[in-house]
Amino acid sequence: MKRVRFRRLPAAAMLVLLLTFLMAFSAFAADGWHRKGSRIWYTPVSGESVRAIGLTQINGHTYYFNKSGYLRTGWIRIHGKYHYFRTTGKTGVRGRMYTAGLRKVLRTGPYGFSADGSVMSGLCQVGDSWYYFSTSRKAGVSGLMLKRTFANTSDGRHIYLLKNGKMAVNRWVKYKKKYYFFGADGNMYRSTVTPDGWKVNARGIRTKRASAAEVAGAAGSASASVSNLRKAGTKASTGKASILIICGHGQGDSGALGKWGGSWIQEQAYTRDFGSRIYRSLAATGRVNVDMLDTSLDGYTQVKNTLNAVIVSGKTLQSRIEGKGTYGAQAYNALRSNGRLPDLLQYDYVLEVHFDASAASGKDYNGNGEMKGTFMYVNSRKSATSIDSSIIGALNGLGLPICGPAVWRSSGLLNARVFQEMGISYGLIETCFIDDRDDMTFYHQRCDDMAQAVSQAIVNQFG
């Protein structure tokens, strides 16, 4: 029998075969990522060929896959808003969506990104500062931070963005050799006298020093209604109480997190849900006047930023407030200058809605059959807490347990301190625990009953 001789392959050919094998093997990586040439895809279940499609969460990051299951990068418009997905990096890094904060894109920007990855538009808060982002619908322009320019906000303010993009607050700005002054809410002063005694014309341009009489007149018109801080509320004067509902968190602060139906849920969404239900229930009674703070705002942020912009004897007004009433008129004046807040002294009671969360060891996402319950925070100097106790008692009557004492006293909560300083009755309700499945099951099943119970407790107090 003739012997068959096999030729030895050159080393270069062996290397090519090895690389081909490795590339083929990498297309079936165990971690779910696959790559062939320039195409990248992801199979959520190891060993299966079904590809991820659309927005997909992988190891804490969000990616976008087209209808064929291939990874997309760059600017992508989703539900009418632009999102950006990284165009560089190794597999698993490329395609990550930018979220929550200020980010440069390919050396352009910064852009403002919301927690859900969509670009910010118009005036938005990031951290403790306000910025204005392009409202254009063009990819790469939408969401771009504006700098060194004027802008008009949706609520009618004329503002200026500094070289770092921050909105000018309580300061002079020099622009094209002319000077303009911007107040605590960022709005330009026009046809008036500035706090430091300069006159500005109808275009906001500084003209000359105001006379003593003009300064006194401007100060008097700004504070005459609160030279002696009036008693809060409308019940005594009209016979009908006025209530304000504030929905906690928002403006970039999602609040506490929980889980429901296999997905993460945010406190800011639930405070607005429950707050709206209470508002509708109160309005339906017709026995009290009721308002709800603009749900695009975070009441805490509005109060904090406004009071931090006012300096009293070398310190911010916010830091001086203790709930004693010493700075009540100054706090009221400052908050009245914020055009996004209502006249707070018209309210007999302010209810701020929140959901609590446990420390890491106490989180109960799966449920253990026991609810943690509800309670109320008030300022430590508040004396009359019957309405706060009544609200918690009403919820307890539905079967929701009380977590500790019904009313907790705190000297640290900012809004509680500020409202106490102005003599306005205020309570912050921790509705239930968002990270406890038993609590949230109760909420989902009884949220309308809970809103009606809170509403009835308020009406019984004032109606």
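Just so it is clear, the model here is predicted, and its values are computed rather than measured.

1. Section: the overall build of the protein
Inference 1: Secondary structure summary: the protein contains 10 helices and 27 strands in total.
Inference 2: In the protein, buried positions account for 44% of the 463 residues.
Inference 3: Taking as baseline every contact in the protein between residues at least 6 positions apart, the subset at least 24 positions apart corresponds to 58%.
Inference 4: When the accessible surface of the protein is split by element, carbon and sulfur atoms take 51% of a total near 23900 Å².

2. Describing the packing of helix H8 (residues 386–397) against helix H10 (residues 437–462)
The relative placement of two packed helices comes down to the angle between their axes together with the axis-to-axis distance.
Inference 1: Where H8 contacts H10, the two axes come as close as 8 Å, and the packing angle between them is 150 degrees. In this structure, H8 crosses over H10, and the sense of that crossing is right-handed. On H10, the residues that touch Ser386, Ile387, Ser390, Ile391, Ala394 and Leu395 of H8 are Met450, Ala453, Val454, Ala457, Ile458, Gln461 and Phe462.
Inference 2: Classifying every residue of the contact of H8 with H10 by side-chain character gives 10 nonpolar, three polar and no charged.

3. Notes on the environment of Ser211
Inference 1: Inspection of the secondary structure assignment puts Ser211 in the loop between strand S17 (206–209) and helix H2 (212–223).
Inference 2: According to the relative accessible area criterion, Ser211 is partly exposed, its value standing at 34%.
Inference 3: Through-space distance from the C-alpha of Ser211 to that of Trp198 is 8.9 Å; in sequence the pair is 13 residues apart.

4. Quick look at the layout of surface pockets
Inference 1: A volume near 1200 Å³ is recorded for the largest pocket.
Inference 2: The wall of the largest pocket is formed by 48 residues, among which Ser114, Met120, Leu123, Cys124 and Gln251 lie closest to the centre.
Inference 3: Breaking the lining of the largest pocket down by element, the ones donating at least two residues are strand S6 (81–85), strand S9 (122–126), strand S10 (129–133), helix H4 (267–285) and helix H5 (299–308).

5. Let's talk about unusual backbone geometry
Inference 1: Here Gly109 and Pro110 are connected by a cis peptide whose omega angle stands at 10 degrees.
Inference 2: Along the chain, Pro110 falls in strand S8 (residues 108–113).
Inference 3: One non-glycine residue with positive phi stands out, namely Ala100, at about 45 degrees.
Inference 4: One can find Ala100 in the loop between S6 and strand S7 (101–105).
Inference 5: Look at Asn170: it is not a glycine, yet its phi comes out positive at around 50 degrees.

6. Overview of the packing of H5 against helix H9 (residues 414–421)
Inference 1: Axis separation between H5 and H9 bottoms out at 10 Å; the angle between their running directions is 65 degrees. Remark: the crossing between H5 and H9 carries left-handed chirality. Residues Gly299, Tyr300, Val303, Lys304 and Leu307 of H5 form the contact with H9, whose own contacting residues are Leu414, Asn415 and Val418.
Inference 2: Broken down by class, the residue content of the contact of H5 with H9 amounts to five nonpolar, two polar and one charged.

7. Observations regarding the pairing of strand S3 (residues 54–58)
In summary, the side chains of a regular strand alternate between the two faces of the sheet.
Inference 1: With five bridges connecting them, S3 and strand S4 (residues 61–65) associate as antiparallel partners. Looking at S4, one finds that Gln57 is bridged to Thr62.

8. Details of the sheet that holds strand S27 (residues 425–433)
Inference 1: As summarised here, the arrangement of the six strands in space is S21-S18-S24-S27-S25-S26, forming an open sheet in which the pairing is mixed. Whereas interior strands pair on both sides, the edge strands pair on one side only; in this sheet they are strand S21 (289–292) and strand S26 (402–410). Pairwise comparison of adjacent strand axes, ignoring direction, gives a mean angle of 20 degrees for this sheet.
Inference 2: Across four bridges, the pairing between strand S18 (residues 242–247) and S21 is parallel. The residue of S21 that forms the bridge with Ile243 is Val290.
Inference 3: Of the strands in this sheet, strand S24 (349–356), strand S25 (374–379), S26 and S27 touch H8, which is tilted by about 175 degrees from S25.

9. Some details on the sheet that holds strand S16 (residues 198–200)
Inference 1: Judged by pairing direction, the sheet is antiparallel, and its three strands sit side by side in the order S15-S16-S17 without closing on themselves. At either margin of the open sheet sits one strand with a lone partner, and together these are strand S15 (192–193) and S17.
Inference 2: Across two bridges, S16 lies against S17 in antiparallel orientation. Bridge pairing in S17 links Val200 to Arg206.

10. Focus on the packing of aromatic side chains
Inference 1: Considering all chains together, one arrives at 29 aromatic pairs under this definition.
Inference 2: Here Trp33 and Tyr63 contribute two aromatic rings whose centre-to-centre distance is 5.1 Å and whose plane-to-plane angle is 70 degrees, an arrangement assigned as edge-to-face. Remark: Tyr63 occurs in strand S4 and Trp33 occurs in strand S1 (residues 33–36); sequence separation between them is 30 residues.
Inference 3: Ring geometry for Phe150 and Tyr180: centres 5.4 Å apart, planes at 75 degrees, overall edge-to-face. Residue Phe150 is located in strand S11 (residues 149–152), and its partner Tyr180 is located in strand S14 (residues 178–182); the two are separated by 30 residues in the primary sequence.
Inference 4: The class for Tyr180 is buried, based on a relative accessible area of 8%.
Inference 5: Among the aromatic residues, ring-to-ring pairing joins Trp75, Tyr82, Tyr84, Tyr98, Tyr111 and Phe113 into one connected group.
Inference 6: Looking at Arg206, its charged tip hangs above the ring of Trp172, at a distance of 4.9 Å from the centre.

Calculation rules
- Residues numbered from 1 in each chain as written.
- Predicted model: local features only at pLDDT ≥ 70, side-chain atom pairs only at ≥ 80, totals over all residues.
- Heavy atoms only, no water.
- Helix = DSSP H or I, 4+ residues; strand = E, 2+ residues; numbered from the N terminus.
- Buried < 20%, exposed > 50% of the residue type's maximum accessible area, 1.4 Å probe, protein only.
- Contact = heavy atoms within 4.5 Å.
- Areas by Shrake-Rupley, 256 points an atom, 1.4 Å probe, with all protein chains shown as cover.
- Axes fitted to C-alpha atoms, helices over the stretch in contact; angles between N-to-C directions.
- Left-handed = near helix turned anticlockwise from the far one by under 90°.
- Nonpolar A, V, L, I, M, F, W, Y, C, P; charged D, E, K, R; others polar.
- 1 Å grid on protein atoms, 1.4 Å probe; cavity = no way out; pocket = protein on both sides within 12 Å on 5 of 7 lines; lining within 4 Å.
- Points joined across faces, edges and corners; volume = space filled by probe spheres on them.
- Pairing = 2+ DSSP bridges.
- Phe/Tyr/Trp six-rings, centres within 6.5 Å; stacked < 30°, edge-to-face > 60°.
- Lys NZ or Arg CZ within 6 Å of the ring centre and 35° of its normal.

So, to be careful, I would describe these as geometric facts and stop short of saying anything about function.
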